[in-house]
Structure formats: C-alpha cells, structure tokens
Amino acid sequence: MTTSLLLEIGTEELPAIPLLRELPNIKNKFAKILKDYRLDCDFEFFYTPRRLVLLSYTFPLMQKAEILEFFGPPLEIAYKEDKPTQAALGFFKKCGITQEEVSTTLKGGKEILYCKKEAPSKEAKELLQCITQEFLHSLDFGKTMRWGMLKEGFIRPISWILALIDETLIPLNLYGVESSNATFIHRSLSYQPQEVKNIKEYLATLENGKVLLNPKNRRSKILEEIAQIEQMHQIKVEIDKALLEEVVSITEYPTALLGQFSKHFLELPPPCIITSMKVHQRYFPTHKDNELYNGFIMVSNSLSEDSTRIIEGNLKVLSARLEDALFFYHNDLKNGFKSSELKNITFVEGLGSMWDKTQREREIAKILIASLPKNLFKDTADIELIDTAISLSKADLMSEMVYEFTELQGSMGYYYAKSLGYGENIALAIKEQYLPNAEESSLPSNIYSAIVALAYKLDNLLGLFSIHKIPSGSKDPFALRRAANGILKILLHFNLSVNLQEVLQTCSKLYQPFDINPLEAFLYERLESLLSFNPSLLRATLATGERDIVEIKRKLEALNSTLNTQDKVLLTQTFKRLGNITKEVALDSKLEIKEEYLVASEEITLYKNFCQIEARGYQGDYANYLQELLNLTPFLNRFFDKVLVNAPDENFKNNRKHLIARIYKAFLNIADIKEISF
C-alpha cells in the first residue's frame, strides 16, 4: 500500500550559487536513498530560498520484501572433526542463524555453507529519521555552517522540519530541530508557523501565503512581468539564463520592476554598466534601438504594493557603483596603457611575470605567421598589427577598472585601445584574445584576433606543461583542456594549415627544456573528442606523420564517409595482408616495378589499375582518391589468392612486394590502414 509523504526542511536563506550547483544531483540522491531502504517511489522536489521540499503521492507504507542470500566457506573449512570452525561461527553470526538452521549449496564445484532468508520489512515511518538524515548529509553545497552547540554542519542553519506521512506527524530530530506539522509563509505576511494536515492543505497554505513553491512558476512569473515591461516601455531586456536561475532561487514571490539610472553613466562602456548590474546587483540590463538603455530590471521579493521605495533603494546602490566605475574609467584613460608595469604581476610561479608571458606570446605569433602561407597577410603592416595587439593585450590588467571588476579584462582593453587611438583590429584582437572561453563560446572574428588568441593559448599550454602542471583526471585548475579545444577550433575554423608538431617544437625553445610529446598527445586527445570519429581513424591518420590539423580533419572525413560504405570484414582482412607483406619493405626506397616480371594475369591487372590511380594522384580530393584505392580491393584479393608473393625467384618476389608496397604507400597519403579497426 502507498500513501503521501511531505518532507520540508526549512532553513535560513540559502545561497544561490551553491544551491544551483548541487540542484541537478538532489533528486538522484534522494531516489538512491529510497531505493537503498526499499522504499522506491515517484516524488517531486521543490525549493525556495528557505526550504527544501520533497513530495510523494505514492510513498510505500512498508519496505518491499527482499530475499537475502548468504554464501559461506566450503565445508572442509567450515567444520573440523564435525565441529564448526571460527569461519563457520562467523557465518552463523553474519546471517543471524544457528548451526541447525544453516544449509549448503554447490558453488564453483564445492559444497559451501548457504543461508536464504527474507529480510524483515519495517514501516516507512520508522525509517524516515534515518532517510532524512542520510539525505541531508549527502548534499554537497561546498562550505557548511555550524550553529549553537552542534558538531555537524549544513549549508545554512535549519529552522524547522515538517514531516507528514498521510496526515500523521512523524517525529524527527535533526540538527537539534524537532519536526512539527507546521510550515512558514512569506515573511511579509507572517512570521508565525502555519499548521497543515496534509499535502493539499500545505500547498494551499503556501499559495495563499505568497510562496510559489515550484521554481517553474517563479520563473514564469518573472518572464511574464518582464515581457509586460518590455511592451509598455518599448525596450528589450537582456535575459541571462544563469542570472535568471539565480534570481528564481533567491525569491519566494518574485516581482519584476523597472528602474532607471542617470543617462550620464552611459558614457561608460556597456560592459562596465552590465557587469555592475548583473554580477553585483543581480539586475537585468535593458536595450532600446539596439543601444544600451539607462534602465534595469530588478526582481523584488517584497509584497509591497508601492514599489517606489524599493526601486529608489536599489537605484541608490547601483548609482554608487556606476559613479565609482566612471571615476576609474576617466583615470585609466588619463593614465593610458602601462604595459611595463606587468613586470610586477606574476603569471605562474616558474613562468615569470605577465610581461614575460606577453613577450613569449609575441614570439609564438611570429612562429605561427612564419608557418602559415605567405599570402595570408597582405604586408608587414598586418604582422606589426598583431605584434602591437599582443604587446597591449594584458595592459588592462593594470587599469583601475579591471582591478575593481576583474570580469572585464580584455573587454576594457578593447575600449581603452579605441579611445587611445589604436585601430579597430588591434582593439578587437585585445578583446577576443581569450576566445573561445567556453563550450558554446564564439570564436575570434578575424585572422588577426585568431593569431593573438592562438598565441595566448599556446603559451598557456607550453608554459604549464614545461613546469609539469599537467591536467590529471578531472583536475584541470588552469583550464588547459579548454585552451587545447580553443586552439583546435580556431585552426579548423580559419582553415589554418600549420604543422602542429613543428610549431610546438619551435615554440618549446622559449621555455625550459621539456618533452613536448605528452603535450602533442594531449592536443590529439582533445581533437578526438572534438571530432567524434572512430578513434582508430585518427590513430591511422597520425601514423602517417600528418600533423596539420586541417588536413587531419579532411582525411578523417574522407575515411569516415568512404569506409562506412565498405565491407568492413573484407577490408580488415585485406588491410592486414597489405600490412604484413610490407613489414620488411623499406617504403622510403625507390620501390621499382619491372613489367617483365609481371607474368600472372592477376598481378598485371592489379598493376595496370593501380598505375592509373597513381598517375591521377589524389588532387586534394581525399574521398575520391581513397575510393579509387578501395576499388582495388577485389583485384588485391584475387592477387593474394592466385599469386605467390614470396616466389622462389628473388626478382619475382621483390617485384611483387614492391607492387604491394606501392599500393600500401598510396594509402599512406591518407592513413596507415593497418591501424584502422571497425
């Protein structure tokens, strides 16, 4: 039989970020605990800033029946001279049985002690104390608090516990708080506990008490009210999803309100204003006619019908922040870039200062440019532009604005560079140097920004690998996996053909000596996950010595699309034969084939068909070239079936091996086929 369960853990105000971080795990954790206690059921989880709530309408009254099986030691170990040994006595104790109750069974060809019994079922109400305690202990919010004389901690002090099975109060005592049949409504209405009898009454009490228990309802209310404000004032509100979830988590009955700050603050670069709003105040920025508008959306948790004082209070705080930002901005423009002062900021211990990092990035950019096709940049002015951008790229770290608002690094460099008379491309390269900086992040917008971003990420990887700060497992404190992904995405997006191995080797001379092979392998691992092809295809392509990421991708696409249409078993057999025959052949030798030693019709046909392919070459179309080579498969198989490769006559043997080696070498233009597995 089933019934209803209502479990509410009331707390002081829960911090939004830790709560949202743990949120995806909470239902799974409670479900696992219920399963462990044999009380599996459907349930819902809700939260507000000061409560965690679990509701179920199908909560079992009793634990499910369970048959337990215990397997003990073999009989020769369990008994000596017909008396139970310590091994047998331990088994009896473990099973909770006497010697007379034990039985035996066969396992692994041996007769062993065996016990089969039904686990006792308890009433759910007897287990709720342990279930709730385990659930609260399982939650990981990061830092915890302790209060009063308690030794155990929680994210915030627990104020009340409501526990009902059907309409029966279940006595719980957790964190020094005893459960009751009372909840609390919105503070603006009452601070007194509100008694409830069941889930229906509980939900009605919260609704009447201006507590929207379901976060979906709070989210919908915010968005609906923002849409009304947009329509009324002809503005567009910038909805940041992460900020929206944060606001949902800190309100019980949200109300969206429009405030307006002084227009003179619009002199500030938009990121300054937006950062002040979003990061520090949890406001949503607004736009009008595609420009930042001097308005902001705040979400209040107050029930006051007169919102004037609420808006005024929030405006006062925002104006003070913007006033500070304006002061910093004017000071920074007056002082200009102070790149030399980067010598006073340590990058990473063992890698010098931020100034040193900038100088390395300049050298890396030069190495990259030298590796790229000469027509990619119009003249030396383009190269000087990149060098200037990198020289200034970290200068905004010395500005008062970035010191106060660290989130604005790079972004403020863009505005300062423009105000100080540098060109748009230099300013943009400074702004985009960190892109891509997330999974779904945009990429640099032009080739200048791309080179600057590549230099930044390559220095991070090379520098940190050189001092053995290599990611391990899930630990990646310097976000090197993200940097590697960024490098690969930029190279592919801009079609930048460079020999990655050569670039890494040349750039590595800027650091203390270290083995670049683990770094190269690290990048190929990221490429494997980025492209999502059969991993053996990448191994096969790399085995040919190809190190151009753009060409690797093209070859992988050709391999993937072409091989998918083939008989994979037949290909595997053919590839294996090719690989075995060419093991002892020097592929870098001339591999001369003399037609006078081609006597069997099978080898003549194979040779003629291959010569036609060889004459045409792959002409940049890997898929077509690979298909032509694969079309040789039936000729190859007839050759293997009918022709003796290791002929007694050395001339015939070498001629045939050279033919097979030439075909194998042709495949090497794309991949080492023996490395491919299906």
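Residues numbered from 1 in each chain as written. Predicted model: local features only at pLDDT ≥ 70, side-chain atom pairs only at ≥ 80, totals over all residues. Heavy atoms only, no water.

The name that an unreviewed UniProt entry assigns to the protein is Glycine--tRNA ligase beta subunit, with the source organism given as Helicobacter apodemus. Of the protein, the UniProt comment under Sequence similarities (unreviewed entry) reads exactly: "Belongs to the class-II aminoacyl-tRNA synthetase family." According to UniProt, the comment filed for the protein under the heading Subcellular location (unreviewed entry) is "Cytoplasm". (UniProt positions renumbered as here; feature names shortened; annotations may be inferred.)

Asker: Is there a simple way to explain the pattern of salt bridges in this structure?
Answerer: Any two side chains of opposite charge can pair if their charged atoms end up close together. One pass over the full model with this rule turns up 32 salt bridges. For Arg187, the salt bridge identified is with Glu13, shortest N-O distance 2.6 Å. Of this pair, Arg187 sits in the loop between strand E13 (182-183) and strand E14 (194-195) while Glu13 is found in the loop between strand E1 (2-11) and helix H1 (16-36), placing the two residues 174 residues apart along the sequence. Notably, a salt bridge pairs Arg219 with Glu245, separated by 2.8 Å at the nearest N-O pair. Remark: Glu245 occurs in helix H7 (residues 241-249) and Arg219 occurs in helix H6 (residues 215-233); sequence separation between them is 26 residues. The exposure class assigned to Arg219 is partly exposed, which follows from its relative accessible area of 22%. Through salt bridges with shared partners, a single network forms among Lys357, Arg360, Glu361, Lys394 and Asp459. (Salt bridge = Lys/Arg side-chain N within 4 Å of Asp/Glu carboxyl O. Helix = DSSP H or I, 4+ residues; strand = E, 2+ residues; numbered from the N terminus. Buried < 20%, exposed > 50% of the residue type's maximum accessible area, 1.4 Å probe, protein only.)

Asker: Is there a simple way to explain the packing of helix H9 (residues 308-335) against helix H13 (residues 411-419) in this structure?
Answerer: Between two packed helices, both the angle of their axes relative to each other and the distance between the axes serve to describe the pair. Their axes nearest at 10 Å, the elements H9 and H13 cross at an angle of 50°. The angle between the axes of H9 and H13 places the two elements in the oblique class. Where H9 crosses over H13, the two elements pack in a sense that is right-handed. Counting all contacts with H9, which are made through Phe328, Tyr329, Asp332 and Leu333, the residues of H13 involved are Met412, Tyr416 and Ser419. Of the residues that constitute the contact of H9 with H13, the class distribution is five nonpolar, one polar and one charged. (Axes fitted to C-alpha atoms, helices over the stretch in contact; angles between N-to-C directions. Parallel < 35°, antiparallel > 145°, perpendicular 65-115°, else oblique. Left-handed = near helix turned anticlockwise from the far one by under 90°. Contact = heavy atoms within 4.5 Å. Nonpolar A, V, L, I, M, F, W, Y, C, P; charged D, E, K, R; others polar.)

Asker: Just to check I follow, could you spell out the sheet that holds strand E15 (residues 236-237) for this structure?
Answerer: On the basis of which strands lie adjacent, the open sheet formed by four strands has the order E15-E17-E18-E16 and antiparallel pairing. For this open sheet the edge positions go to E15 and strand E16 (255-260), each flanked by a neighbour on one side alone. As paired elements, E15 and strand E17 (residues 284-288) share two bridges and run antiparallel to each other. Bridging across to E17, Val237 finds its partner in Thr286. Set on the sheet, helix H8 (residues 270-281) makes contact with E17 and strand E18 (291-300); between it and E18 the angle comes to about 5°. (Pairing = 2+ DSSP bridges.)

Asker: What should I look at first to understand unusual backbone geometry in this one?
Answerer: Excluding glycine, most residues fall at negative phi; most peptide bonds, likewise, are trans. With an omega dihedral of -10°, the bond running from Leu435 to Pro436 counts as a cis peptide bond. A positive phi angle is found at Asp82, which is not glycine, with a value near 65°. Structurally, Asp82 can be placed in the loop between strand E5 (79-80) and strand E6 (83-84). Backbone geometry places Asn290, a non-glycine residue, at a positive phi of 65°. Here Asn290 is to be found in the loop between E17 and E18. Owing to a relative accessible area of 79%, Asn290 belongs among the exposed residues under this scheme.

Asker: Would you take a moment to explain helix H22 (residues 601-616) for this structure?
Answerer: Given 3.6 residues to a turn, an α-helix orients residues that are three or four positions apart in the same direction. Over its 16 residues, H22 extends 23 Å from the first C-alpha to the last, a length consistent with the 22 Å expected when each residue adds 1.5 Å. All of the buried residues along H22 are Glu603, Leu606, Tyr607, Phe610 and Ile613. One side of H22 holds all its buried residues, which, seen down the axis, span an arc of 130°. Summarising the geometry of H22, the exposed residues directed more than 90 degrees from the buried face are Lys608 and Ala615. Here the buried face of H22 lies against helix H23 (622-630), helix H24 (633-642) and helix H25 (650-667). (Expected span 1.5 Å × (residues − 1). Arc of directions from axis to C-beta.)

Asker: Whenever I open this one, the packing of aromatic side chains confuses me. Can you help?
Answerer: Aromatic rings in a pair are described by how distant their centres are and how their planes are angled relative to each other. Tallied over the entire structure, the rule returns 20 aromatic pairs. The interplanar angle of 75° and the centroid separation of 5.1 Å between the aromatic rings of Phe30 and Phe135 together place this pair among those described as edge-to-face. Placement of Phe30 in helix H1 and of Phe135 in helix H4 (residues 124-138) is noted, with a sequence separation of 105 residues between them. Of the two residues examined, Phe30 and Phe135, each falls in the buried class. When the ring of Tyr597 is compared with that of Phe652, the centres are 5.3 Å apart and the planes differ by 75°; the resulting orientation is edge-to-face. (Phe/Tyr/Trp six-rings, centres within 6.5 Å; stacked < 30°, edge-to-face > 60°.)

Asker: Explain a nonpolar patch on the surface to me, please; I cannot follow it from the model alone.
Answerer: A cluster of nonpolar side chains, namely Met1, Leu61 and Met62, defines an oily patch on the protein surface of about 340 Å² accessible area. Of note, Met62 is situated in the loop between strand E3 (51-60) and strand E4 (66-74). Residue class for Met62 comes out partly exposed when judged on its relative accessible area of 39%. (Patch = residues over 30% accessible without salt bridge, like charges linked within 9 Å, V, L, I, M, F, W, Y side chains within 5 Å. Areas by Shrake-Rupley, 256 points an atom, 1.4 Å probe, with all protein chains shown as cover.)

Asker: Looking at this structure, I do not really get the sheet that holds strand E7 (residues 103-107). What am I missing?
Answerer: Hydrogen bonds between backbone groups are what pair the strands of a sheet, and the pairing can be parallel or antiparallel. Strand order in this open sheet of three strands is E4-E8-E7, and the pairing throughout is antiparallel. The two strands at the open ends of the sheet, each matched to only one other strand, are E4 and E7. For this sheet, the mean inter-axis angle between neighbouring strands, taken without regard to orientation, is 40°. The pairing of E4 with strand E8 (residues 110-119) spans seven bridges and is classified as antiparallel. Looking at the pairing, Glu66 lines up with Ala119 of E8.

Asker: Can you help me understand the side chain of Glu246 in this one?
Answerer: Residue placement: Glu246 occurs in helix H7. A residue is classified by how much of its surface remains accessible, and Glu246, at 14% relative accessible area, is buried. The contacts of Glu246, once residues within four sequence positions are left out, are Ala16, Ile17, Leu20 and Arg282.

Asker: Whenever I open this one, the pairing of strand E2 (residues 44-48) confuses me. Can you help?
Answerer: Taken residue by residue, a regular strand's side chains alternate between the two faces of the sheet. Counting buried positions over the five residues of E2 gives four, a clear majority of the element. Bridge count between E2 and E3: five bridges; the pairing is antiparallel. Bridging across to E3, Thr48 finds its partner in Arg51.

Asker: What is the right way to look at the domain arrangement of the protein in this model?
Answerer: By a widespread convention, an interface's size corresponds to the accessible area lost as its parts come together. Domain annotation for the protein reports domain 1 (2-63 + 124-209), domain 2 (66-119), domain 3 (215-322), domain 4 (340-530) and domain 5 (553-669). Inter-centroid distance (C-alpha atoms) of domain 1 to domain 4 is 49 Å. (Domains from an automatic or database assignment.)

Asker: Whenever I open this one, the packing of H8 against H9 confuses me. Can you help?
Answerer: Across the interface, H8 lies against H9 with an axial gap of 10 Å and an inter-helix angle of 130°. By the angle between their axes, H8 is oblique relative to H9. Where H8 crosses over H9, the two elements pack in a sense that is right-handed. Residues Ile273, Ser276, Met277, His280 and Gln281 of H8 touch H9, and the partners they reach there are Val317, Leu318, Arg321 and Leu322.

Asker: Looking at this model, I keep getting lost on the nonpolar core. Mind explaining?
Answerer: Buried together is how nonpolar side chains tend to be arranged in soluble globular proteins. Met401 and Leu461 are the most contacted members of the largest nonpolar core, which has 128 residues in total. For this core, the leading source of residues is helix H15 (residues 447-466), giving 13 residues. Ignoring anything within four residues of it in the chain, the contact list for Met401 reads Leu268, Cys272, Ala325, Phe328, Tyr329, Asp332, Leu408, Met412 and Tyr416. Ranked by size, the runner-up nonpolar core spans 53 residues in total, among them Leu54, Ile131, Ile222 and Ile235. (Core = buried A, V, L, I, M, F, W, Y, C linked by side-chain atoms within 4.5 Å.)

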